[in-house]
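Each chain is listed here by its residues.
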Amino acid sequence: MSYINTLLFGVYPYIALIVLFVGTWARYDHGQFTWKAHSSQMLRKKNMIVASVLFHVGVLVVFFGHLVGLLTPHWAYEWLMTPGQKQVMAIVVGGIAGVMAIIGGGMLAYRRMTDPRVQASSTFADNMIIIILVIQLALGLLTILPTMGHLDGATMLKFTAWAQGIFTLQGSGVADYIADVNWIYKTHIFLGLTIFVLFPFTRLVHMLSVPVEYFGRKYQVVRKRA
């Protein structure tokens, strides 16, 4: 089964990253009119604000937590905390953010699937990506269970070595770092990489847009009709 492990976690990550970067660039270059959040808030506002805030805040904390946690070298924080302490912090902060995100995401998915007006404006990609994100969040929370069995941070160091190996182009051999980890971790990683592949083809691209010019634009004069 080692060749499957190498394919999924030594080769597929590079394919996913290539599709992510090339696909996103191509969409921005050739399809800027499709680059939008396509918000459905104007169609039905009930529970939308609460769900959206829970989901987006939770997802941002989880995303940047993974980004910093996986790509920060051990020497950069070993003077401040041990791997075990870092792992416990990840469980607490990630657990809280994950629960927030999955509650908000579940509310948004339910709304998108059951509200007739929102359904009518939704595409297959819209429905698919919110369901995948909720499943991914659930898998992330489930990883807490095996993690509680080894709080020394050893498994976490395997994931950081794997992730840093991918981004430093160490080749397919990096898959060996996580060859023996629990299947829940592997499923979580595989689905995360698949989200990278889907990213350029869904509304997720809007997360790369920051309305910088908005803060410096002139005020717009709005008058009531006579």
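What you see is a predicted model, and the numbers here were worked out from it, not measured in a lab. (Residues numbered from 1 in each chain as written. Predicted model: local features only at pLDDT ≥ 70, side-chain atom pairs only at ≥ 80, totals over all residues. Heavy atoms only, no water.)

*Asks:* It is not clear to me how the overall build of the protein should be interpreted in this structure. Could you clarify?
*Replies:* In terms of helices and strands, the protein carries eight helices and zero strands. Helices and strands in the protein line up, N terminus first, as α-α-α-α-α-α-α-α. Taken over 226 residues, the protein has a buried fraction of 37%. Expressed as a percentage of contacts within the protein between residues at least 6 apart in sequence, the contacts between residues at least 24 apart total 80%. Carbon together with sulfur atoms contributes 71% to the accessible area of the protein, which is approximately 14300 Å² in total. (Helix = DSSP H or I, 4+ residues; strand = E, 2+ residues; numbered from the N terminus. Buried < 20%, exposed > 50% of the residue type's maximum accessible area, 1.4 Å probe, protein only. Contact = heavy atoms within 4.5 Å. Areas by Shrake-Rupley, 256 points an atom, 1.4 Å probe, with all protein chains shown as cover.)

*Asks:* I tried to follow the UniProt feature "binding site: heme b 1" (unreviewed entry) in the protein on my own but got confused; where do I start?
*Replies:* The positions UniProt marks with the feature "binding site: heme b 1" (unreviewed entry) are H56, H188 and H206. Within the fold, H56 resides in helix α2 (residues 48–71). A distance of 2.8 Å separates a polar side-chain atom of H56 from the backbone oxygen of S52. Mapped onto the fold, H206 is located in the segment after α8 (183–198). (UniProt positions renumbered as here; feature names shortened; annotations may be inferred. Polar contact = N/O pair within 3.5 Å; in protein donor to acceptor, adjacent residues only side chain to side chain.)

*Asks:* What is the right way to look at the pattern of salt bridges in this model?
*Replies:* Opposite charge on two side chains lets them pair, provided their charged atoms get close. The full count for this structure, using the stated rule, is two salt bridges. As a salt-bridge pair, R203 and D126 come within 3.0 Å of each other at their nearest N and O atoms. Residue R203 is located in the segment after α8, and its partner D126 is located in helix α5 (residues 124–142); the two are separated by 77 residues in the primary sequence. Its relative accessible area of 7% is what places D126 among the buried residues. Measuring nitrogen to oxygen at the nearest pair gives 3.2 Å for the salt bridge that ties D180 to K158. Here D180, found in the loop between α7 (154–167) and α8, pairs with K158, found in helix α7; they are 22 residues apart in sequence, far enough to count as distant. A relative accessible area of 56% places D180 in the exposed class. (Salt bridge = Lys/Arg side-chain N within 4 Å of Asp/Glu carboxyl O.)

*Asks:* In this structure, what is going on with the packing of α2 against helix α3 (residues 83–114)? I would like to understand it.
*Replies:* To characterise two packed helices, one gives the angle between the axes of the helices and the distance between these axes. Relative to each other, α2 and α3 sit at 145°, their axes nearing to 7 Å. In this structure, α2 crosses over α3, and the sense of that crossing is left-handed. Looking at the contact of α2 with α3 residue by residue, the classes come out as 15 nonpolar, seven polar and two charged. (Axes fitted to C-alpha atoms, helices over the stretch in contact; angles between N-to-C directions. Left-handed = near helix turned anticlockwise from the far one by under 90°. Nonpolar A, V, L, I, M, F, W, Y, C, P; charged D, E, K, R; others polar.)

*Asks:* Help me understand the UniProt feature "transmembrane region" (unreviewed entry) in the protein, please; the structure alone is not making it clear to me.
*Replies:* The UniProt entry lists residues 6–28, 49–68, 88–110, 130–149 and 189–215 under the feature "transmembrane region" (unreviewed entry), expressed in the numbering used here. Annotated as 100% helix and 0% strand, the span residues 6–28 places its first and last C-alpha atoms 32 Å apart.

*Asks:* I tried to follow the nonpolar core on my own but got confused; where do I start?
*Replies:* For soluble globular proteins, the rule of thumb is that nonpolar side chains tend to be buried together. Residues W162, I178 and I189 are the most contacted members of the largest nonpolar core, which totals 35 residues. At the level of elements, α1 (2–30), α2, α3, α5, α7 and α8 are the ones that each hand at least two residues to this core. Beyond its immediate sequence surroundings of up to four residues, I178 is in contact with N5, F9, K158, F159, W162, K186 and I189. (Core = buried A, V, L, I, M, F, W, Y, C linked by side-chain atoms within 4.5 Å.)

*Asks:* Help me understand the side chain of H188 in this model?
*Replies:* Mapped onto the fold, H188 is located in helix α8. Exposure remark for H188: the relative accessible area of 14% places this residue in the buried category. Not counting residues within four places of it along the chain, the set of residues in contact with H188 comprises H66, Q136, L139, G140 and T143.

*Asks:* Would you mind showing me how to read α8 here?
*Replies:* What sets the pattern is the α-helix's 3.6 residues per turn: residues three or four places apart point alike. Given a rise of 1.5 Å per residue, 16 residues ought to cover 22 Å, and the 22 Å separating the end C-alpha atoms of α8 matches this to within 8%. Within the sequence span of α8, burial applies to I184, Y185, K186, H188, I189, L191, G192, L193, T194, I195 and L198. Buried positions along α8 lie against α1, α2, α5, α6 (144–147) and α7. Measuring from the backbone nitrogen of I184 back to the side-chain oxygen at the start of α8 gives 2.8 Å, which picks out N182 as the cap. (Expected span 1.5 Å × (residues − 1).)

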